[in-house]
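# Geometric and topological summary
Take a look at the letters that make up each chain.
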Amino acid sequence: MLENVFIETYGCQMNVADSEVVASILAEKGFKSCTDIGEADIILINTCSVRDNAEQRIWGRLNAIRHLKRKNRGLIVGLIGCMAERLKKKVIETDQLVDIVAGPDAYRQLPSLIEEAQAGHKAVNVLLSREETYGDIKPVRLDADGVTAFVSIMRGCNNMCSYCVVPYVRGAERSRDPESILREIAELFDSGYREVTLLGQNVDSYKWSGGGNNLDFSQLIEKTAQIDPLLRVRFSTSHPKDISDDLLRTIARYENICRHIHLPAQSGSNRILKLMNREYTREDFMSRIESIRNILPGCSVSTDIITGFCTETEEDHEETLSLMKWAGFDFAYMFKYSERPGTRAARRLKDDVPEKIKIKRLNEIIKLQNSLSEKSKRNDVGKVFEVLVEGFSKRSDDYLTGRTSQNKVVVFPKEDKKKGDYVRVIIEGCTSATLKGKII
Ligand code: 5AD
Ligand code: SF4
């Protein structure tokens, strides 16, 4: 009997890529991915632990699917990924609904974990690995637009940012074999894909040595760009302490490596950066931005900001605002600090910024970023950009949508174009989230 698996994904792009690996491992064993949760024999929830509210959402979700198990006694529910890794057996103790708990390095065991669960046992595997990269597995593209895809190039993280749970739930950093990466991307291109995003917690520290060959991230991205000039290459995430001029110069040499860098600042205060153990200063960060501006004119920069970290004062907060203004970020993800059990900050520092102040500072940061994002978009009006068409716009099939190299979304009348095409679009206006234009 073919069994239907429904995979629901929370968290970062890495998790999206992981769910595709999971789908592939299960497809090998004859399981089928389904898009209607009501038809599922097995529900897998791929989880995030990065902030407490991510975990709360998942507990809420489990509550919402409880009734499905009442209807179908044989239904298997698995919690997989970061939250599974963090809570281990406690997941099952907290919620009897869950049959399977599998951490990010245990996905190859999922078929046997499912078997165990079907035999009526709770099945748990949260072993982390030093080697697992799932390099040989060809991901099954879920929710695919057929144009853009995520490609995982490394796993885990060796940085020890004091606030962050990732090293504990995803283990040590390891890079994936470049041959398997490049093969996967070439196959994507041959089947019509036109954009890949190379993913890792810290792509700048990608390093492969094997068979006498050494390869760093700039060499990997260069080889990726050489697959075909019609293939767009993106990457995420860069670390301000590691992003090198060498990488920026490589990007400059290839028009098909996108002019967008996601460079999380986290804070603009040197005192806070030190407590966060980010290993760069505000000045270092500014010098990286200057390098980007010099070597890659017209490159957009987005960032992540955490507000209300332990001991953060109003002066520290002002420093963050002033760094944001100075950098003029095109886009930002902004968060309130959320203490994660077991991290260095949780062990050594007091989460002492009152919730009310965290909310006030977050609102100030969001307000500033809204004006910076708007300015960045207004600046594009009148300019012409090459846009890769990703599909119809949400509102109407008479319009197409795609992104510029700078990662800004553009909507325009479709004319005779279709997804996967490159078009040149002149920008005539903008809304808060998108650019509007027409094909020239
Ligand atoms: N609290 C709030 N935000 C966090 N991030 C990581 N850990 C935490 C935390 N404990 C944010 C950082 C990171 C992004 C993925 O999530 O900004 O870059
Ligand atoms: Fe991604 Fe980090 Fe969340 Fe895990 S904890 S899903 S690595 S953001």
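In what follows, the structure referred to is the one given above.
The structure displayed is predicted, hence computed values, not measured ones.

### So, helix α9 (residues 245–253)
Because an α-helix completes one turn every 3.6 residues, residues spaced three or four positions apart along the sequence face the same direction. For α9, the full list of buried residues reads Leu 247, Leu 248, Thr 250 and Ile 251. Mapping the buried residues of α9 onto a view down its axis gives an arc of 160°, with all of them on the same face. Contacts from the buried residues of α9 go to α8 (217–225), β13 (232–236), β14 (260–262) and α11 (282–295).

### Focus on the sheet that holds β13
Spatial ordering of the open sheet is given by β7-β10-β13, a layout of 3 strands whose pairing is parallel. Each edge of the sheet is formed by a strand with only one pairing partner; in this case those strands are β7 (148–152) and β13. Averaged over all neighbouring strand pairs, the angle between strand axes comes to 25°, with direction disregarded. Relative to β13, strand β10 (residues 195–199) runs parallel, the two sharing 5 bridges.

### A few points about the nonpolar core
One recurring pattern in soluble globular proteins is that nonpolar side chains are buried together. Core analysis: the largest hydrophobic core is formed by 52 residues, its most contacted members being Ile 153, Leu 198, Phe 217, Phe 235 and Ile 261. A total of 5 residues in this core trace back to one element, the largest contributor, which is helix α7 (residues 178–190). With sequence-adjacent residues up to four places away left out, Ile 153 is seen in contact with Ser 175, Arg 176, Ile 181, Leu 198, Leu 199, Val 203, Tyr 206, Phe 217 and Leu 220. In this structure, Ala 40, Leu 68, Leu 75 and Leu 97 belong to the second largest nonpolar core, which totals 24 residues.

### With respect to the environment of Phe 335
Considering the arrangement of structural elements, one finds Phe 335 in strand β16 (residues 331–336). Considered as a pair, Phe 335 and Leu 362 are 27 residues apart in the sequence and their alpha carbons are 7.0 Å apart.

### Some remarks on the pattern of salt bridges
Applying the stated rule across the entire model yields 37 salt bridges. For Asp 18, the salt bridge is made with Arg 170, and the minimal N-O distance between the two is 3.1 Å. With Asp 18 in helix α1 (residues 13–28) and Arg 170 in helix α6 (residues 166–170), this residue pair connects regions lying 152 residues apart in the sequence. This pair shows no difference in class: Asp 18 is buried, exactly as Arg 170 is. Linked through salt bridges whose partners overlap, the residues forming this network are Asp 18, Asp 105, Arg 155, Arg 170 and Arg 174.

### Considerations on the site of ligand 1
Contacts to ligand 1 come from Val 50, Arg 51, Tyr 163, Gln 266, Asp 304, Ile 306, Phe 335, Lys 336, Tyr 337, Ser 338 and Arg 340. Contact between ligand 1 and Tyr 163: a nitrogen atom at 3.1 Å from a main-chain N or O atom of the residue. For ligand 1, an oxygen atom lies 2.6 Å from a polar atom in the side chain of Asp 304. With the chains in place, 85% of the 400 Å² that ligand 1 exposes on its own is no longer accessible. Elements that contribute at least two residues to the shell around ligand 1 include exactly β15 (300–307) and β16.

### Considerations on the sheet that holds strand β2 (residues 32–33)
In spatial order, the strands read β2-β1-β3-β4-β5-β6; together these 6 strands make up an open sheet with parallel pairing. At either end of the open sheet lies a strand with only one pairing partner, and these are β2 and β6 (123–125). Set on the sheet, helix α2 (residues 52–71) makes contact with β1 (4–9), β3 (42–47) and β4 (76–81); between it and β3 the angle comes to about 175°. In the packing of helix α5 (residues 110–118) onto the sheet, the strands contacted are β3, β4, β5 (100–102) and β6, and the crossing angle to β5 comes to about 160°.

### Side note on the layout of surface pockets
Of the pockets and cavities examined, the second largest pocket occupies roughly 520 Å³. Those elements that place two or more of their residues in the lining of the second largest pocket are β17 (384–392), β18 (399–404), β19 (409–413) and β21 (435–439).

### A look at α7
Its 13 residues place the ends of α7 18 Å apart at the C-alpha level, agreeing with the 18 Å of an ideal helix rising 1.5 Å per residue. Within α7, the full set of buried residues consists of Pro 178, Ser 180, Ile 181, Leu 182, Glu 184, Ile 185, Leu 188 and Phe 189. Contacts from the buried residues of α7 go to β7, β10, β11 (207–210), β12 (213–216) and α8. The residue sitting at the N-terminus of α7 and contributing the capping side-chain oxygen is Asp 177; that oxygen lies 2.9 Å from the backbone nitrogen of Glu 179. Gly 192, located one to two residues past α7, shows a positive phi value of around 105°.

Cut-offs applied
- Sequence order sets the numbering: in each chain, residues are counted from 1 along the sequence as written.
- As a convention, the first chain written is A and the first ligand written is 1, with the rest following in written order.
- With the structure being a predicted model, the display of local features is reserved for residues of pLDDT at least 70 and the display and counting of side-chain atom pairs for 80 or more, all residues being used for whole-chain, interface and lining totals.
- As a rule here, side-chain values cover all heavy atoms of the structure and leave hydrogens and water aside.
- Partly exposed residues are those whose accessible area sits between 20% and 50% of the maximum for their type, while under 20% is buried and over 50% is exposed, using a 1.4 Å probe and protein chains only.
- To qualify as a helix, a DSSP run of H or I must reach at least 4 residues; to qualify as a strand, a run of E must reach at least 2; elements of each kind are numbered from the N terminus.
- What the arc describes is the spread of directions from the helix axis to the C-beta atoms.
- A contact between two residues is defined here by any heavy atoms of the two lying within 4.5 Å.
- One bridge is not enough; two strands pair if DSSP finds at least two bridges between them.
- Lines fitted to C-alpha atoms define the axes, with helix axes restricted to the stretch in contact, and inter-axis angles between N-to-C directions lie between 0 and 180 degrees.
- To form a nonpolar core, buried Ala, Val, Leu, Ile, Met, Phe, Trp, Tyr and Cys residues must be joined to one another through side-chain atoms within 4.5 Å.
- Salt bridges are counted wherever a side-chain nitrogen of Lys or Arg sits within 4 Å of a carboxyl oxygen of Asp or Glu.
- For this description, a residue counts as near a given molecule or strand if any of its non-hydrogen atoms is within 4 Å of it.
- Between N or O atoms, a polar contact is any pair within 3.5 Å; within protein, one atom must be a potential hydrogen donor and the other a potential acceptor, and residues adjacent in sequence are included only when both atoms are from side chains.
- Using the Shrake-Rupley algorithm and a 1.4 Å probe, accessible areas are obtained, with residue cover drawn only from the displayed protein chains.
- Both site types are read off a 1 Å grid over the protein atoms alone. A 1.4 Å probe that fits but cannot get out defines a cavity, while an open set with protein on both sides within 12 Å along at least five of seven lines defines a pocket; lining residues have an atom within 4 Å of a point.
- Grid points are joined across faces, edges and corners, and a volume is the space filled by probe spheres set on the points.
- By definition here, a helix of n residues has an expected span of 1.5 Å times n minus one.

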